[in-house]
Amino acid sequence: MRFWLFALLTVLMLPPPSWAAQATPRIIGGDTAPASQWPWMTQVAIEDPASNNQFYSCGGSQISSRWVITAAHCMGELGANPDPSTIHLFIGQSAFRNDIYNGITARDVIIHPNYTVFSDNAQNHDLALIRIDPYTGNNIWPSLASDQTTTLEKASQTDRDEAVTALGWGTTSPDSSTLAQALQEARLDYVPRDICRSKSPYTITNYMVCAQELNPDASDPNGEDTCYGDSGGPLFVGTDRDPWLIGVTSFGTSKCANGLPSIYTSMQDEATTVESLTAAAGYPLVDLALHGANSRRYLLPGNNLSVAVTLRNDSQATVVNQPRMTLSMSSNGGATAAYDWPGCSSLSSSCQPLSSMASGTASSGNIQIDSNTGGNQLAVATLNVVSDKDEYRIRNNTLVQEVVFSTLPDLTLTARQTRGIILDNGVGEASVSIRIANQSTLKQATGVQLALNLPAATRLSNASELGCSTSNPILCPIGTLSPDSEATVTLSLSANNTQNASLMLSTSANEGDFPTGDAGSTLTLSYDEPESDNGGGGGSTGILFTALLIPLLFRRGIGKLNDGRKGA
């Protein structure tokens, strides 16, 4: 083990080989990822062509049973045609692996045909696809973004705050040369392209997206970022295990977490290329999608709902065969779901509306959801479709329709800390923004109130202004919430104990609440952050870029390591 550590530290401090050029992103300031949260996360190990006992490491994302996506620059210098047998992958493992020959060996490697390095070293179309034998150890994959990037480009700063997540085994501090031995994750702020272009010293095309930590905590002034060892890894939105993949880690400056955005290949803008490249390789990925209303609907008990759905082949050119839909229902009552679809039996849970579907072909019908009882119940109908082809947007294969059959309002509560500082006298001050909503479109909620259990040595400074009681739990009146309406409350807290502490919140109404379970929240209060005027993340703004900062691009976010063939 000593030999391995010595070799690792020595190699990482040496200048990189010419084809590795100068590396990029790693996870800085992140947290260790839960061991089983991201089963599609991939370590991509590439044997060093100049040495028979060392390798380079990048990240990647398994996007189907046969395909892994990573950065083109991980495959070698521009124009290289890497030997697939020198590339080894580990899928869904949290620990960094050095025994690369125990990994999955690649069968094919496809570099984006338009991959280009500009004169300022920015990398356009920095994308590569790695084909493997069908891997059955995982069937949960991220979906390539469809309109999620467009939504983020137009979103407010608050909605972009910590909207994206990056994963990787890269180094964990700006001055470190040691790769992480456990998978790291970091929540970053999405940076729109126009803002990114104004801040970045590099050419930013419409095939790139940007992210950075705009509000680092005082306890971690470097903030969070990707850097060495993280190239090729994912940037995604959503906390589901199968999120929307919006970017692939590509490049940034040599000094990570320095207040400048890192750059990622935009998967929304590369999705059609992914489809065409996989089709040309003989293992096409397609986008067979279900379209229809999937927002929660509210009806009185005893009623029914007909949901219009369209099944469409949204692929660019590929024909899909044997598309088959399955329909299931879960409910705390007697609700049922059935097909009202041409060619489908309403009594069947499975339906094949067409034998094949060319690109753009659609089939439309309805799903009938009946409450069948007079009681309050939440009914969840799930429609799923599969075909003979693998998908690159597998989330489009499932449509979930929730129906609340109820005579009660539906209360929800969400909370976030917007300020947390320690004053010169040692007293902590915090602000918490609370949103209480009545999501029911049928029933109003009267006598709505907010209940909060304060941590020890903490008081509600604006209790009188809000009309709150002085007991603990403190009760604050909200009043009446009409159907589909909301109210916001800002709490001003003062604490003599500035250690992190839990604030418990809940809301209630005279009529009750259904469904239950989402009308409360526990928030961890923190007082170690400087005051923020931008409302995002509860921290200070990022370090400003100045003309004195001379950026040095690192094309390759990889680490060079002993490949494990030598004894430790």
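**Focus on the overall build of the protein chain**
A tally of regular secondary structure across the protein chain gives six helices and 39 strands. Looking at the protein chain residue by residue over its 568 residues, the buried ones come to 51%. In the protein chain, 76% of the contacts between residues at least 6 apart in sequence involve partners at least 24 apart.

**Quick word on the sheet that holds strand S21 (residues 304-313)**
Read from one edge of the open sheet, four strands run S19-S21-S27-S24, paired in antiparallel fashion. Both outer strands of the open sheet, strand S19 (288-292) and strand S24 (336-340), are each paired with one neighbouring strand and no more. Averaged over all pairs of adjacent strands, the angle between their axes in this sheet comes to 30°, without regard to strand direction. As paired elements, S19 and S21 share five bridges and run antiparallel to each other. Note on S21: the bridge partner recorded for Leu290 is Leu311.

**Notes on helix H5 (residues 267-280)**
With 14 residues, H5 extends 19 Å from end C-alpha to end C-alpha; this agrees with the ideal 20 Å at 1.5 Å per step. Maximal helix bending in H5 amounts to about 30°, located at Thr273. Those residues of H5 that sit buried are Met267, Gln268, Glu270, Ala271, Thr273, Val274, Glu275, Leu277 and Thr278.

**What about the environment of Pro261?**
Tracing the sequence through the fold places Pro261 in the loop between strand S16 (244-251) and strand S17 (262-266). Residues Pro261 and Ala211, 50 residues apart in the sequence, show an inter-C-alpha distance of 5.3 Å. Ignoring anything within four residues of it in the chain, the contact list for Pro261 reads Cys196, Lys199, Cys210, Ala211 and Gln212.

**Topic: the environment of Ser406**
If you trace the backbone, Ser406 turns up in the loop between strand S30 (398-405) and strand S31 (411-422). Sequence spacing of Ser406 and Pro301 is 105 residues, and the spatial spacing of their C-alpha atoms is 5.7 Å. If sequence neighbours within four positions are ignored, Ser406 has contacts with Leu299, Leu300, Pro301, Asn376 and Phe514.

**Structural notes on the packing of aromatic side chains**
The final tally for this structure, using the stated rule, is five aromatic pairs. Measuring from centroid to centroid gives 5.5 Å for Tyr202 and Phe251, while their planes differ by 85°, and the two rings are edge-to-face. In this pair, Tyr202 is assigned in the loop between helix H4 (193-199) and strand S14 (208-212) and Phe251 in strand S16, connecting sequence segments 49 residues apart. By the burial criterion, Tyr202 is buried, and Phe251 matches it. Among the aromatic residues, those joined into a cluster by ring pairs are Trp38, Trp40 and Phe236.

**Some words on the state of the cysteines**
Within the structure shown, the criterion is met by five disulfides. Two residues share a disulfide in this structure: Cys196 and Cys210, whose sulfurs sit 2.1 Å from each other. Around the S-S axis, the bridge from Cys196 to Cys210 shows a dihedral of about -80° and counts as left-handed. Of this pair, Cys196 sits in helix H4 while Cys210 sits in strand S14, and the two are 14 residues apart along the sequence.

**Observations regarding the sheet that holds strand S28 (residues 377-386)**
Strand order in this open sheet of five strands is S20-S30-S28-S23-S25, and the pairing throughout is mixed. Each of the sheet's edge strands pairs with one partner strand only, and the pair in question is strand S20 (297-299) and strand S25 (350-351). Relative to S30, S20 runs parallel, the two being bridged by three bridges. Counterpart to Leu299 in the pairing with S30 is Phe405.

**Brief notes about the pattern of salt bridges**
Enumeration over the complete set of coordinates arrives at 12 salt bridges. For Asp133, the salt bridge is made with Arg107, and the minimal N-O distance between the two is 3.0 Å. Separated by 26 residues along the polypeptide, Asp133 in the loop between strand S10 (128-131) and strand S11 (143-144) and Arg107 in the loop between strand S6 (104-105) and strand S7 (108-111) bring together distant segments of the chain. Asp133 gets classed as partly exposed once you look at its relative accessible area, which sits at 37%. Its salt-bridge partner being Lys389, residue Asp388 comes within 2.9 Å of it at the nearest N-O pair. Among the residues examined, Asp388 registers a relative accessible area of 38% and is labelled partly exposed. One salt-bridge network, in which partners are shared between bridges, spans Arg296, Glu402 and Asp410.

The rules behind the values
Residues numbered from 1 in each chain as written. Predicted model: local features only at pLDDT ≥ 70, side-chain atom pairs only at ≥ 80, totals over all residues. Heavy atoms only, no water. Helix = DSSP H or I, 4+ residues; strand = E, 2+ residues; numbered from the N terminus. Buried < 20%, exposed > 50% of the residue type's maximum accessible area, 1.4 Å probe, protein only. Contact = heavy atoms within 4.5 Å. Pairing = 2+ DSSP bridges. Axes fitted to C-alpha atoms, helices over the stretch in contact; angles between N-to-C directions. Expected span 1.5 Å × (residues − 1). Bend = angle between axes of the 7 residues up to and from the residue. Phe/Tyr/Trp six-rings, centres within 6.5 Å; stacked < 30°, edge-to-face > 60°. Disulfide = S-S within 2.5 Å. Salt bridge = Lys/Arg side-chain N within 4 Å of Asp/Glu carboxyl O.

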